[in-house]
Amino acid sequence: MSTTTQKPRGRQFFANPGPTNIPDSVLRAMDRPSIDFNDTEFAPVYDGAFDGVRRVLRTTQSLFMYNASGHGAWEASLTNLLSPGDTILVLESGYFSEEWGTMARSHGLEVRVLEADWRQGVDMGALRGVLAEDKAHTIRAICAVHNETATGLMLPLQEIRAAIDAAAHPALFLVDTISSLGSLDFRMDEWKIDCVVGGSQKGLMLPTGMSFTGVSEKGLAAHAQAKLPRYYFDWTLMGKRPQKSFIGTIPTSMFYGLRESVRLLEEEGLENVYARHHRLAEATRRAVQVWAANDGPQLFCTNPARASDSVTAVLMPEGHDPEAVRRIARQRFNVSLGGGLGKLNGKIFRIGHLGDLNEPMVLGALSAVEMALRIAGVPHGRGGVEAAMDYLAS
Ligand SMILES: *Cc1c(COP(=O)(O)O)cnc(C)c1O
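The rules behind the values
Residues numbered from 1 in each chain as written. Predicted model: local features only at pLDDT ≥ 70, side-chain atom pairs only at ≥ 80, totals over all residues. Heavy atoms only, no water. Helix = DSSP H or I, 4+ residues; strand = E, 2+ residues; numbered from the N terminus. Rg over C-alpha atoms; globule rule 2.2 N^0.38 Å. Buried < 20%, exposed > 50% of the residue type's maximum accessible area, 1.4 Å probe, protein only. Contact = heavy atoms within 4.5 Å. Lys, Arg positive; Asp, Glu negative; His and termini not counted. Charge placed at Lys NZ, Arg CZ, Asp CG, Glu CD. Core = buried A, V, L, I, M, F, W, Y, C linked by side-chain atoms within 4.5 Å. Domains from an automatic or database assignment. Polar contact = N/O pair within 3.5 Å; in protein donor to acceptor, adjacent residues only side chain to side chain.

Draft legend 1. Structural view of the overall build of the protein chain. Broken down by element type, the protein chain carries 13 helices and 14 strands. Relative to the 2.2 N^0.38 estimate, which gives 21 Å for 394 residues, the radius of gyration of the protein chain is 21 Å and therefore close to what a compact globule would have. Judged by the C-alpha coordinates and their principal axes, the protein chain covers about 60 × 55 × 40 Å. For the protein chain, with 394 residues in total, the buried portion stands at 57%. For the protein chain, restricting intrachain contacts to residue pairs at least 6 apart in sequence, the fraction spanning at least 24 positions comes to 74%. Considering the protein chain, the positive charge centre built from 40 side chains and the negative charge centre built from 44 side chains are found 3 Å apart.

In structure tokens, the structure reads:
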């Protein structure tokens, strides 16, 4: 097979579910010399970005930020809220729920997993059963990934909250919003979430490297009793530092970018941002449903009510390699797609449709996928892009 060594022209279409496209105005906002983070000139930038993130989280409660990717905020959520030997319940959704649980175990926590089919997500009846049985309230925290980036599945946070309330269970409710914040409807205070884990490089359209946790009053009270070792991520220590929510140097460039990305989200309006993500996701799903004919690739998520509006995972037909499709899309058409994570590696590829994205960008990515399927000799129904256009034009 001939592979081009020429440098591709035009823009790369970045259809990865994270990191995502960085808007030009965010890049420009970050393109500036170093500034002393104690400089009075920086204070409004810090405050603007900080308050902006709280508005996107829809909270008036506490926020702590870190120089770390999302994994750092996961670690902060566990070590600040829990003590050695505490039991947590992880709602299985895919690779990222597994990772969060593995991290918890390595910190000496007892991890119970509410098992689920990765194509469906947890059963609410099963969750109600586990909570009703836990009369001694040994479960200290319930961890849910709002949008499981590895499988393209959303969990209904309001239903989970309702199940916790119905059981009158005192467990803390921890939610990972790394690939949903700024893309899918999310309300920290209204849905009574005690700790929200977020990151910079997905719906917030920034480079990788900053993450944060929103924390409720109930979470802060639990933090005061929590005994897991911590230092860099310690919320109490942060409160005593002049850098407010950071232990070390504040990533000032990120704050200039963050202030701009929040401005973009609010200029569009959060409700419109969510509606755009839904529209682009639905167009993507319509295309995949057409490709599924002739024993072609199909939607990995088989629970339509939970199909993710920020990423679509596509299951390849038996005997066909998703990596070949990704390679062709990348090398021939300069379109970057996500691969399969963990046990889904070699079985699926993922089309990211979150962040700074519009209709022609999604159609471009879908066209490249359809061409790559053809070139790779993968059986599929033709006309997926047409179906996406029909939907977007309707
Ligand atoms: C990307 C992602 C993570 C991991 O974040 P990093 O920034 O890569 O550490 C965790 N959870 C979800 C849902 C994600 O999408």
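Draft legend 2. A look at the nonpolar core. Met65, Leu91, Ile160, Phe186 and Phe255 are the most contacted members of the largest nonpolar core, which has 59 residues in total. Domain assignment of the residues forming this core places at least three in each of domain 1 (24-266) and domain 2 (270-393). Every residue in contact with phenylalanine 255, bar those within four places of it in the chain, is listed here: Phe42, Val45, Tyr46, Ala49, Met65, Met210, Phe246 and Ile250. Ala76, Val90, Ala141 and Val145 belong to the second largest nonpolar core, which has 34 residues in total.

Draft legend 3. Local environment of the side chain of glutamate 260. Relative to the elements of secondary structure, glutamate 260 occurs in helix 9 (residues 252-268). By relative accessible area, glutamate 260 is classed as buried at 12%. Of the polar contacts made by the side chain of glutamate 260, one reaches the side chain of serine 25; its length is 2.6 Å. Setting aside residues no more than four positions away along its own chain, glutamate 260 makes contact with Ser25, Val26 and Ala29.

Geometry only, nothing functional implied.
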